[in-house]
Each structure stands twice: as structure tokens, then as C-alpha cells.
Amino acid sequence: MNATAPSSAYSGSHAMPRRDAEFLFPLPHIPEAVGLVRRRAHTVLTGWNLPATTIEDAVLVISELVTNAVTHALPPAVLQMSRTTAEEPRALRIEVTDAGPAAPVPRPADGRHPAEHGRGNAIVTALAARHGTRVEPGAITRWADLPVT
């Protein structure tokens, strides 16, 4: 799987300008991986000298996208972060690529869902300037562009 391979099927796609920095992190396919990935991403983004508010938003978006991949998709999965600094507007691209949907998890017959689930897409939508999904044979990439102010 190549997280940066071009794709033929785009939903909400927007080309990312030339990337000045890039980070790839293979995701362990366990729920405990989310905290590890958040901490590692925070360290990388801090090293890129991004504003604190951008880092906070990015870590939240990363947490939502990684949780989705670990909970609902098949391995392998990878987080890719990239940024631009030479062109305006400055942006941070966050991508999580996985091998596609896993078998659905049965839900309680009464239709109740735990309160902590189901808000990830709304959070990504609220924080990202743009976001979307790229579908390739055997892989799905969910991405979000965050403005760097």
C-alpha cells in the first residue's frame, strides 16, 4: 500500500500544493494505538513549528481519523501528514489510509449507541478547511486540510 499513490476515484478532492515536509506513521491496529499516534503527531507538528491552535486541531482530527481506521477498517493503515510553507495559503494535510471497511459490528437491538461514538465526521468537518475521501483498489484514504495561521 502506498499512501501517496495517485487515485482514480475522488470525493471532495482538492490538490495539495507542493509539500515541504512529510511524515508517515504505520498504525498499529489496536485501540491503544490512538493515544500513541496522538503523542507522536503532536511531537512532529511541534517540531514543524506550527501554531499551537493548529497543532491542537490537527491532533483532534488525527485522533478521529485514526480511531475510525482502527475501529471500522481492515489493516494495514498509515497516517501521513504533510505541510506547505512556500506557497499561500499555508496548509497541513492529514491523511489516514486503510484497507477498507471491516465487517460491521453488531449494534444493540434497541438502536442505542454509546455517547462517545458518531461525532468524528462532524469534528473533522468543523476543523478542516477541506476534507474528503479517496478510494483506490484495496485502500481508502480519508483526508483533511487544516489552515496554518
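Residues numbered from 1 in each chain as written. Predicted model: local features only at pLDDT ≥ 70, side-chain atom pairs only at ≥ 80, totals over all residues. Heavy atoms only, no water.

As recorded in an unreviewed UniProt entry, the protein goes by ATPase and comes from Streptomyces tubercidicus.

Some remarks on unusual backbone geometry
What counts is decided by this rule: Labels follow the DSSP assignment, with helices taken as runs of H or I lasting at least four residues and strands as runs of E lasting at least two, numbered in each case from the N terminus.
Look at the link from Pro 75 to Pro 76: it is a cis peptide, with omega at 0 degrees. Here Pro 76 shows up in the loop between α2 (52-72) and β3 (77-84).

A look at the side chain of Asp 145
Formally: Buried, partly exposed and exposed residues are distinguished by accessible area as a fraction of the type maximum, computed with a 1.4 Å probe on protein chains only: under 20%, between the cut-offs, and over 50%, respectively. Polar contacts, as used here, are pairs of N or O atoms within 3.5 Å; protein pairs need one atom able to donate a hydrogen and one able to accept it. Residues neighboring in sequence count only if both atoms are side-chain atoms.
As for its placement among the helices and strands, Asp 145 is situated in strand β6 (residues 139-147). Under the relative-accessibility criterion, Asp 145 is labelled buried at 0%. A polar side-chain atom of Asp 145 sits 2.4 Å from a polar atom in the side chain of Arg 93.

Looking at the pairing of strand β4 (residues 91-98)
Definition in use: Pairing between two strands is assigned when DSSP locates at least 2 bridges connecting them.
With eight of eight residues buried, β4 is to be regarded as a mostly interior element. Where burial is concerned, the two faces of β4 agree: the one with Ala 91, Arg 93, Glu 95 and Thr 97 and the one with Leu 92, Ile 94, Val 96 and Asp 98 are both buried. For β3 and β4, the ladder comprises seven bridges, and the chain directions are antiparallel. Looking at the pairing, Thr 84 lines up with Ala 91 of β4. In terms of strand pairing, β4 meets β6 through eight bridges, oriented antiparallel. Within the sheet, the bridge partner assigned to Ala 91 lies in β6 and is Pro 147.

Let's talk about the packing of aromatic side chains
What counts here: For this analysis, a ring pair means two rings from Phe, Tyr or Trp (six-membered ring only for Trp) whose centres lie within 6.5 Å, classed as stacked if their planes differ by under 30 degrees, edge-to-face if by over 60, and tilted for the remaining angles. When the NZ atom of lysine or the CZ atom of arginine is within 6 Å of a ring's centre and also within 35 degrees of its normal, the charge is said to sit over that ring.
Within the structure shown, the criterion is met by one aromatic pair. Between Phe 23 and Phe 25, the ring centres sit 6.0 Å apart and the planes meet at 15 degrees, which makes this aromatic pair stacked. The side chain of Arg 93 reaches across the aromatic face of Trp 143, ending 4.2 Å from its centre.

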